[in-house]
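Close look at the chain arrangement
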Amino acid sequence: MLLFRSEQHIDRWCSQWKRPRGGTLSLAQGWKLAQLWYGDRLSQHWQPKTAPEAESVFREVGLVGKFWKLTG
Amino acid sequence: MPEARAEYRTPKTRHRHMSKSQLDSGLRVFVYRRMIRTGRCPTVADMAKAFKSSTKTILSTLSRLSESHAFLQQENGELWRVAPFSAIPTPFPVTIGNRSWFGNCIWDALGIPAMLSKDARIDASCGCCNLAMPVEICKGKLLATRGIIHIAVPACEWYKDVAFT
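These figures come from a predicted structure and were not determined experimentally. In this convention, every chain numbers its residues from 1, walking through the sequence in written order. A letter from A marks each chain and a number from 1 marks each ligand, given out in the order of writing. Selection of residues for local features in this predicted model requires a pLDDT of at least 70, selection of side-chain atom pairs for listing and counting requires 80 or more, and totals for whole chains, interfaces and linings are taken over all residues. The side-chain values count all of the structure's non-hydrogen atoms but skip hydrogen atoms and water molecules.

Some points on the overall build of chain B
From N to C terminus, chain B includes 4 helices and 9 strands. For chain B, buried positions account for 51% of its 165 residues. A fraction of 43% describes how many contacts in chain B between residues 6 or more apart in sequence connect residues 24 or more apart. To be clear on the numbers: accessible area is Shrake-Rupley with a 1.4 Å probe, and residue cover counts the displayed protein chains and nothing else. Carbon and sulfur atoms provide 51% of the accessible area of chain B, an area that totals close to 8,000 Å². Working definition: helices are DSSP H or I runs of at least four residues, strands are E runs of at least two. Numbering for both runs from the N terminus. For each residue, the accessible area found with a 1.4 Å probe, counting protein chains only, is set against the maximum for its type, and the residue is called buried under 20%, exposed over 50%, and partly exposed in between. Whether two residues touch is decided by their heavy atoms; if any such pair falls within 4.5 Å, the residues are in contact.

In structure tokens form, the structure reads like this:
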């Protein structure tokens, strides 16, 4: 999961690595995702998120569609 | 630096008095606290000493903790990933006050200030041209807004090759 300065730089990277383009999100979405994902990590009672819980976090950040699907 | 929300201390009792789930939880939080306090991941020997336990027991506990992919082990059993921290240097250095760590990727680098609820600077750079793209978090807000995060593989395949993802 890398940071790029522009869409063109993502395309160039994909071309260099001979990879299809993946999913993208804004830095603001990335920060919100990080807060939701890691905010409780130091709790003694932390448990890994289930697939539906993870999808719920993605949805909350506006990340929807096949790329972000973990269930079914 | 205050370590928000983690209450765990080095156990006063030997591990044999702990259930498997207590050991899993205790070791997980111990590793995080040591990483936060020292900037370095404890070794298996460090963990065995702290828990008055055998290396074998620590390795099997780390193996269980690695099932979630939050922790991942090297071939020799030592940890390389303690998400969001990386135990080895990466292009995602994160500085909070006078301490620094490495994130595994840009998401994890953002995860370090998110986890610690601290202001931070991430000395990231463009994955294509290496142009410096520092990211700052101040009072819970993202200051830099330029930049796009690209995730190379779909969510359902993230853990087939964590290093590439």
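Having seen the model, we can carry on.
Points about the pattern of salt bridges
All names here are of chain B. Salt bridge, as applied in this entry: a Lys or Arg side-chain nitrogen positioned within 4 Å of an Asp or Glu carboxyl oxygen. Counted according to the given criterion, the structure contains 7 salt bridges over all chains. Between glutamate 136 and arginine 121 there is a salt bridge; the shortest N-O distance is 3.8 Å. Taken together, the residues glutamate 136 in strand E7 (residues 132–138) and arginine 121 in strand E6 (residues 120–125) connect sequence positions 15 residues apart. Residue glutamate 136 is classed as partly exposed on the basis of its relative accessible area, which comes to 36%. Taking relative accessible area as the criterion, arginine 121 reaches 35% and is therefore assigned partly exposed.

A few points about the sheet that holds strand E2 (residues 23–26) of chain A
If you walk across this open sheet you meet the 3 strands as E1(A)-E9(B)-E2(A), and the pairing is antiparallel. Sheet topology places strand E1 (2–4) and E2 of chain A at the edges, where each strand pairs with a single neighbour. Strand-to-strand twist across the sheet, computed as the mean angle between neighbouring axes with direction ignored, equals 35°. In this sheet, strand E9 (residues 148–151) of chain B lies alongside E2 of chain A in antiparallel orientation, the contact comprising 4 bridges. A pair of strands is treated as paired once DSSP finds two or more bridges between them. Axes here mean lines fitted to C-alpha atoms, for a helix over just the part in contact, with angles spanning 0 to 180 degrees between N-to-C directions.

Quick notes on the nonpolar core
In this structure, Phe58 of chain A together with Trp107 and Leu110 of chain B are the most contacted members of the largest nonpolar core, which totals 74 residues. Ranked by the residues each element gives to this core, the list is headed by helix H4 (residues 106–116) of chain B, at 8 residues. Apart from residues lying up to four places away in sequence, phenylalanine 58 of chain A is in contact with Leu33, Trp37, Leu63, Trp68 and Leu70 of chain A together with Trp107, Ala155 and Trp158 of chain B. Residues grouped as a nonpolar core are buried Ala, Val, Leu, Ile, Met, Phe, Trp, Tyr and Cys residues, joined through side-chain atoms within 4.5 Å.

Some points on the side chain of aspartate 24 of chain B
Residues and elements named next belong to chain B. Of note, aspartate 24 is situated in helix H1 (residues 20–38). Classification of aspartate 24 by relative accessible area gives buried; the value is 17%. A polar atom in the side chain of aspartate 24 sits 2.7 Å from the side chain of arginine 64. Any pair of nitrogen or oxygen atoms within 3.5 Å is treated as a polar contact; in protein, a donor-acceptor pairing is required on top of that, and neighbouring residues in sequence qualify only through side-chain atoms on both sides.

Side note on the packing of H1 of chain B against helix H3 (residues 55–65) of chain B
The description of two helices packed together rests on the angle between their axes and the distance between the axes. Residues and elements named next belong to chain B. Closest axis-to-axis distance for the H1/H3 pair is 10 Å, and the angle between their directions is 80°. By the angle between their axes, H1 is roughly perpendicular relative to H3. Two secondary-structure elements touch here, H1 through Lys20, Leu23, Asp24, Leu27 and Arg28 and H3 through Thr57, Ile58, Thr61, Leu62, Arg64 and Leu65. Note on residue classes: Ala, Val, Leu, Ile, Met, Phe, Trp, Tyr, Cys and Pro are nonpolar, Asp, Glu, Lys and Arg are charged, and everything else, Gly too, is polar. Its residues assigned to classes, the contact of H1 with H3 comprises 5 nonpolar, 2 polar and 4 charged. Should an angle fall under 35 degrees it is taken as roughly parallel, and over 145 as roughly antiparallel, whereas 65 to 115 is taken as roughly perpendicular and any remaining angle as oblique.

Structural notes on the packing of helix H2 (residues 27–38) of chain A against helix H3 (residues 51–60) of chain A
Residue and element names in this part refer to chain A. Orientation of H2 relative to H3, taken along the N-to-C sense of each, is 150°, at an axis distance of 9 Å. One way to sum up the angle between H2 and H3 is to call them roughly antiparallel. For H2 against H3, the interelement crossing comes out right-handed. Across the interface between the two elements, Lys32, Leu33, Leu36 and Trp37 from H2 touch Ala54, Val57, Phe58 and Glu60 from H3. Looking at the contact of H2 with H3 residue by residue, the classes come out as 6 nonpolar, no polar and 2 charged. Crossing handedness is defined as follows: a turn of the near helix away from the far one that is anticlockwise and smaller than a right angle gives a left-handed crossing, while the clockwise case is right-handed.

Quick word on the layout of surface pockets
Residue and element names in this part refer to chain B. Here a cavity denotes a set of grid points, spaced 1 Å apart and computed over the protein atoms alone, in which a 1.4 Å probe fits but from which it cannot get out, and a pocket denotes an open set meeting protein on both sides within 12 Å along at least five of seven lines; residues with an atom within 4 Å of a point are reported as lining. Grid points are joined across faces, edges and corners, and a volume is the space filled by probe spheres set on the points. Counted as a void, the second largest pocket has a volume near 310 Å³. Lining the second largest pocket we find 19 residues, and of these Met35, Gly39, Arg40, Cys41 and Ala87 sit closest to its centre. Elements with a minimum of two residues in the lining of the second largest pocket: H1 and strand E5 (99–103).

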